[in-house]
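A structural walkthrough
Chain by chain, the residues:
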Amino acid sequence: MRHHHRLTPLLYLLPNLTGFAIFVLIPVAAALVLSFFRWDLFHPPKFVGLDNFIDLLGWRRDAEGVIHLNDAGFWKYLYNTLYLMLAIPITMFCSLVLAVLLNQKLPGRMFFRSVFFLPNICAGVGLLLLWKFLYNNDFGLINHMLAWVGITGPDWLNSYNWSKPALMIIMIWGSMGGTGMILYLAGLQGIPPELYEAAEIDGANVLHRFRHITIPMLAPTTFFIFITAVIGGFQGGFDMAYILTKGGPDGATTTLSYYIYNHAFEYFNMGYAAALSLVLFALVLFVTMLSWRFGRGATE
Amino acid sequence: MAAKKQPRSSQEEDPRGLGWLLGVIIAALIGGWFVVGPGADPPADPQRPIKLVMAVPADQADLVIYKQVIARYEAEHPHVAVEIRAIPGNNYYQKLLVMLASGLPPDLMWMGEGFAEFASRGAFMDVGDRLDQDVDTSDFLPQALQWYRIDGQQLGAPYLIDVQFIVYNKKLFDEAGLAYPRDDWDYDEFLADAKKLTVDRGGDGRIEQYGYYGQLDMSVFGAQPISEDGTHATCQTPAMMDFLNTNRSLFNTFHVSPSPQQITGSGSDVYTIFRQGKAAMMIAYTWDLPYLREQCADVDWDITLNPKVNQRGQWASSAAILISSKTRHPAEAWELNKLFLGADFQLRMCEDGGLPPNLSVARQLVAQNRHKPANLQALIVAREFLYPKPRIANSAELYSQFYNACDTVWMGTATPAGAMDRAQRQITWLINRHQERGE
């Protein structure tokens, strides 16, 4: 009877676990194993030990003794990925501001909540194509509007210096009204109003209340949003690179995820792509643990 | 004080059970793969129904022609059924790659620019003997056959050659009082025309009409970033420096062309630019011809060949239907493949845009042409100096280094010498690594 009790819930989980095993567990394990192989998808995988990691993270000296990174692209694209992640704090700040505004008892707040969440339910490709038009150098709305105030706008997506900020603007626009805002809204509604009333009686103004009540009370929410955004940030940028810039110019918008795709499906280096994925996984794990280590104290 | 360990609730599940279940699922999945996975070939039986799978890009016009050829084949070979897998063009090679990797390759597959990547990895069957025996290739462009010879194996033959050329607006030439360009013109004539055709109406530096829209191709400089055999980088040759310096001067010094970055950044397609008269001359390819005919019907246009700079040259590529080295039905696949090498198929596929590799078919195509361009004959002249990319392994990875370095030149963030030094170093290292690994 006891045995039966233990088996029944597992059987209920069986369909889900089967899907999890097929689409997550086995591919992840395969990627881990593949990173130690060379595989071009045509021939059987060949074990190469740590070769892929040496190619990825190692360096070499030329005849003059100058050191060159084996894969300078990896470091450049890691930098690009981290650069684009600078959008995370800005997005979080915008989400918080939006959530605070939309938490007020203002007319039409439900409408605005929907409007700000809209980018999250629209097709990503369509939105990116729309942004491509907005950024267009010849007839894009953004440069057109900049021209009204006498500013000659840059060639956003084709400039080495402006392409990354251009993508960051899209990221901020697309994410600030998304799950971050919803979570902040939920967090704000969980703050007991008595705290604000007591502070008001003690003479605290709006800024004091925000600084000393809202922000500390939202710390667990902020921490959660930050961790998930960092994980997403490391893995992100593929769709924008693929649709808007093809990773250019000169790799300025190539992120690690786009680089992994290129190695796997354009260059046929499946083992190297797996090694890249593993390094990316290690990076995400490290940063998440670091955030957990130092961020958790602030939330407690 | 240490927290007191709580007794396990009766509702709480033992996590070991979950682990066991996952283990059983994975074992079942792996075991199932071996049971139902690809098995051994059944014994050959001439009467047994056979199914051939053919992968092609999903182009509606081409699909009609493929289906007609296949219908004819199926009528002659009633025991063979052919299934067409029409794959969207953007992801064609990726999808094909997955089909090959999963052990379910199509028996026949269309190949264009991606040929070298697949061929160098043994994806195609050697059809050299069959080709010699069954197909009269005496009229074929020898170079086109050579393109499909890899490591001594003849992997097929093309049915179409794509050629790059220059399309020009005759009205804008007339307005500028210029004679139309000849097929054998040179760079000085090209530049003189491009300057006269470039118009800055307001004198404000904003060009309303460019003399030329695009780059001069590497072929007219004799430049290639990688040697023909793929063994070394050739980014620092004088020809490559000429290619970069000359093209840079077109937009930087003479302002007769927008920069490659401006062209990439333009939201308008090239046909709109050309139709609106914003470009008097423009780089174009044979696959552009149907769009030019349709979208620029109101424009009086024609085509000419690239001007001679260091040499004559026209970028070229080709398309072919090839047989998978893994096909279980090589004889049937070859019988079908033969139809894709025939004069009729070449003619029909090239009618919209393309040069038939068979000279007599090419001449027939030009003779029966009643549409623009009037100078379709130029494509036949171009046969003499076609300049395809080297057909080498790992070309996508190697070329990406070159194109990235070119970007820095076009953006003005690096000199041609500096950019090519970087490209040369990176490509050399990659080639060496691939050679060390026997790839």
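Criteria and thresholds
- Residues numbered from 1 in each chain as written.
- Chains lettered and ligands numbered in written order.
- Predicted model: local features only at pLDDT ≥ 70, side-chain atom pairs only at ≥ 80, totals over all residues.
- Heavy atoms only, no water.
- Axes fitted to C-alpha atoms, helices over the stretch in contact; angles between N-to-C directions.
- Helix = DSSP H or I, 4+ residues; strand = E, 2+ residues; numbered from the N terminus.
- Parallel < 35°, antiparallel > 145°, perpendicular 65-115°, else oblique.
- Left-handed = near helix turned anticlockwise from the far one by under 90°.
- Contact = heavy atoms within 4.5 Å.
- Nonpolar A, V, L, I, M, F, W, Y, C, P; charged D, E, K, R; others polar.
- Domains from an automatic or database assignment.
- Buried area = accessible area lost by both parts, 1.4 Å probe.
- Salt bridge = Lys/Arg side-chain N within 4 Å of Asp/Glu carboxyl O.
- Polar contact = N/O pair within 3.5 Å; in protein donor to acceptor, adjacent residues only side chain to side chain.

Some points on the packing of helix H14 (residues 343–350) of chain B against helix H15 (residues 359–367) of chain B
Residue and element names in this part refer to chain B. Two elements in contact, H14 and H15, have axes whose closest approach is 10 Å; the angle formed by their N-to-C orientations is 40°. Put simply, H14 runs oblique to H15. Seen along the crossing, H14 lies across H15 with a hand that is right-handed. For the pair H14 and H15, the contacting residues are Ala-343, Gln-346, Leu-347 and Cys-350 in the first and Val-361, Gln-364 and Leu-365 in the second. A class-by-class count of the residues in the contact of H14 with H15 yields five nonpolar, two polar and no charged.

Observations concerning the domain arrangement of chain B
Residue and element names in this part refer to chain B. Each assigned domain of chain B is listed here: domain 1 (50–162 + 317–388) and domain 2 (164–316 + 391–436). With 32 residues of domain 1 at the contact, the number on the domain 2 side is 34 residues. Interface area lost by domain 1 to domain 2 is led by Lys-372, Phe-385 and Tyr-387, which between them contribute 30%. Linking domain 1 with domain 2 are zero salt bridges, by the criterion used here. Between domain 1 and domain 2 we count 19 residue pairs in polar contact (both at pLDDT 80 or more) in total. Counting only elements with at least two residues in the side of domain 1 that touches domain 2, the list comes to helix H4 (115–119), strand S6 (160–169), strand S10 (314–323), helix H16 (377–382) and strand S11 (386–388). Sort the elements by how many residues they give to the side of domain 1 that touches domain 2 and H16 lands first, with four residues. Among the residues making up the side of domain 1 that touches domain 2, the classes are represented as 17 nonpolar, eight polar and seven charged.

Some points on the interface of chain A and chain B
On the side of chain B, 45 residues touch chain A, which itself brings 45 residues to the contact. Note on chain A versus chain B: buried area summed over both sides is about 3,800 Å², and carbon and sulfur give 60% of it. Looking at the side of chain A facing chain B, the largest losses of area belong to Phe-42, Asp-250 and Tyr-267 of chain A, adding up to 17% of the total buried there. Joining chain A to chain B, the criterion identifies three salt bridges. The salt bridge involving Arg-433 of chain B is made with Asp-55 of chain A; its shortest N-O contact spans 2.7 Å.

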